[in-house]
Amino acid sequence: MTEPAPPKKKIVLKRAAGSSSSNELPPCKIKVELIENDNSSPKSSSTSLCVNQMATIESAKYMTIVDQESTIDIKRVIEMTLNLGNTELSYQPGDYISVFAPNTHNHVISLIKRLSLDENKLIKIESIDKTFELPNHLKKVNENFNNNSSTIYNVLRDLVDITGIPSKKLLKLLSEHSSDSNEKLELNKLSSIEGKEEYAQMINNRVTLLCLLDKYKSSNPPFSHLLELINPLAPRDYSISSSPLSMEKGTLSFVFSVVDFKLSSTPSQRILGHCTSWLEKTGIQNNKLPSSSSSSSLSNIEDSLNNLNIESNEIKIPFILKPSPHFHLPPVDQLNRPIIMIGPGTGVAPFIGFLQHLSKTTTSSKPTTWLFFGCRSEKRDFLYKDTLDSMLKDNTLTKLITAFSRELDTENTTTAIEPTCGYVQEKMIEHSKQLFDMVVNQNAFIYICGDAKGMAVGVRNSFIDIVKQELNCDEKQATDIFTNWIKEKRYILDVWS
């Protein structure tokens, strides 16, 4: 076993004398100047304040079958192909596309009205604290000032996370600017150590800034301090699922699972993922995906998506390409070594790009390639089933091992695929001898993509169990051998929480 981490020291925070908590709010560090906009252009810019690169959707399709009556919960998974608008942009399989999804029109307008702001006014920001440098997202406000794009509407749409979890500093700001004494006390408690349970419940209930402002109507925080304390709106990264060798220049594909669930505490409240729901709605709006009227599986989502209120013109996708620091195919001169890929669900995405790339790469012989793929239902969310079957037939993929945790398709199983119930880490044990031979004797490369907590930990444990079983050694010896694979940079992870 690995050496246990040393025990953490307990840190006791001392409170200031005469104070119930030490959550004092620092003074505002920025000055926001609101300027009349003489430009007659619409308030909403068609480009993003975040980035200049805008892609168009060439095609999009649902890859899963969602049955509202089924007891098996299947997520909507979408494959989207983008035209990047620039044939000079390059990527490798394993890289990411970072998508900068805007806040919804309804949220932006509601916040503007609540704060009694003029959505068309331009914003300029400067630091009033010599020790404080404007963060990058606020620098973009000034960068877009001269082209009349940095309106209040566009800034709240593109640059700040108005639907994210409010920080305790933000709660303290709302408290300090509440005229009602009861509201002030409630907000102050939420922002303090004493209110940690209430704050945790607030997070669980997905309470946003706008929810708080609706509830605490006497709170009127200054816009400048609010803008400083709201977190920046972060892009979402998606693994590219294509190879540039198999696509037209300036195009790529990626796959994402639409975040859409109901809160257990308030089942009537539907939570939609910020970026995935926007991408889905954009695909529908641009006539690349079917609307609910033409697809019964989407019949219950249209109302929720309509709340995104995307404009009727073709919507473009703000993006940047983000190279992976390590998750790439081996160099060509090392393609004589086996490649083992483990990617349940949308974790299979980069491996589709890997296999496409290998099919187009000229080598003396194709490498041995194994893919472990898992999902809930063979019938309804077996991503890239036909593609993988074709790759097996042309020997781009040597072996495909599948694990379906809920449901098998007993009617349409192909002979090239091993259909069994379970999880990928369990399927690995069933192929213990072959995996051991490839990894230990043939120096195979191992790639894992997907969930960090469950799957990746399970895969790690399975490899250690395989070493123990095949070498008849103890846990420490097996773990040391496993750790050495990581040091040799042939056990390669791309995982998320």
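About the cut-offs
Residues numbered from 1 in each chain as written. Predicted model: local features only at pLDDT ≥ 70, side-chain atom pairs only at ≥ 80, totals over all residues. Heavy atoms only, no water. pLDDT = per-residue confidence, 0-100. Contact = heavy atoms within 4.5 Å. Helix = DSSP H or I, 4+ residues; strand = E, 2+ residues; numbered from the N terminus. Expected span 1.5 Å × (residues − 1). Buried < 20%, exposed > 50% of the residue type's maximum accessible area, 1.4 Å probe, protein only. Pairing = 2+ DSSP bridges. Axes fitted to C-alpha atoms, helices over the stretch in contact; angles between N-to-C directions. Parallel < 35°, antiparallel > 145°, perpendicular 65-115°, else oblique. Left-handed = near helix turned anticlockwise from the far one by under 90°. Nonpolar A, V, L, I, M, F, W, Y, C, P; charged D, E, K, R; others polar.

A word on the confidence of the model for the protein chain
- With 87% of its residues at a pLDDT of 70 or more, the protein chain has an overall mean of 89.
- When the criterion is pLDDT under 50, residues 1-21 qualifies, and its contacts beyond four places in sequence or with other chains add up to 11 contacts.
- Note that pLDDT drops below 50 for residues 293-306; the model gives that stretch 25 contacts with residues more than four away or on any other chain.

Things to note about helix α9 (residues 274-285)
- Between its first and last C-alpha, α9 extends 17 Å over 12 residues, near the 16 Å set by a 1.5 Å rise per residue.
- A large share of α9 lies buried, amounting to 11 of its 12 residues.
- Those residues of α9 that fall on the buried side of the exposure criterion are His274, Cys275, Thr276, Ser277, Trp278, Leu279, Glu280, Lys281, Thr282, Gly283 and Ile284.

Concerning the sheet that holds strand β7 (residues 251-257)
- Spatially, 6 strands are ordered β6-β4-β10-β2-β3-β7 in an open sheet, and the strand pairing comes out antiparallel. Looking at which strands have only one partner, the edges of the open sheet turn out to be β6 (236-239) and β7. Neighbour-to-neighbour, the strand axes of the sheet open up by a mean angle of 40 degrees, direction not taken into account.
- Examined bridge by bridge, strand β2 (residues 54-62) and strand β3 (residues 77-83) share 6 bridges and lie antiparallel to one another. When the sheet's bridge partners are listed, Tyr62 is paired in β3 with Ile78.

A few points about unusual backbone geometry
- The phi dihedral of Asn287 falls on the positive side, at around 60 degrees, and the residue is not glycine.
- Examined against the element boundaries, Asn287 turns out to sit in the loop between α9 and α10 (302-306).
- Asn287 gets classed as exposed once you look at its relative accessible area, which sits at 69%.
- The phi dihedral of Asn472 is positive, around 55 degrees, even though this residue is not glycine.
- Examined against the element boundaries, Asn472 turns out to sit in the loop between α15 (452-471) and α16 (475-487).

Points about the packing of α15 against α16
- Put simply, α15 and α16 touch, their axes get as near as 9 Å, and they point 120 degrees apart. Classified by the interaxial angle, the pair formed by α15 and α16 is oblique. By crossing handedness, the relation of α15 to α16 is classed as right-handed. Judged by residue contacts, Arg460, Phe463, Ile464, Val467, Lys468 and Leu471 of α15 engage Glu475, Ala478, Thr479, Ile481, Phe482 and Trp485 from α16.
- Its residues assigned to classes, the contact of α15 with α16 shows 8 nonpolar, 1 polar and 3 charged.

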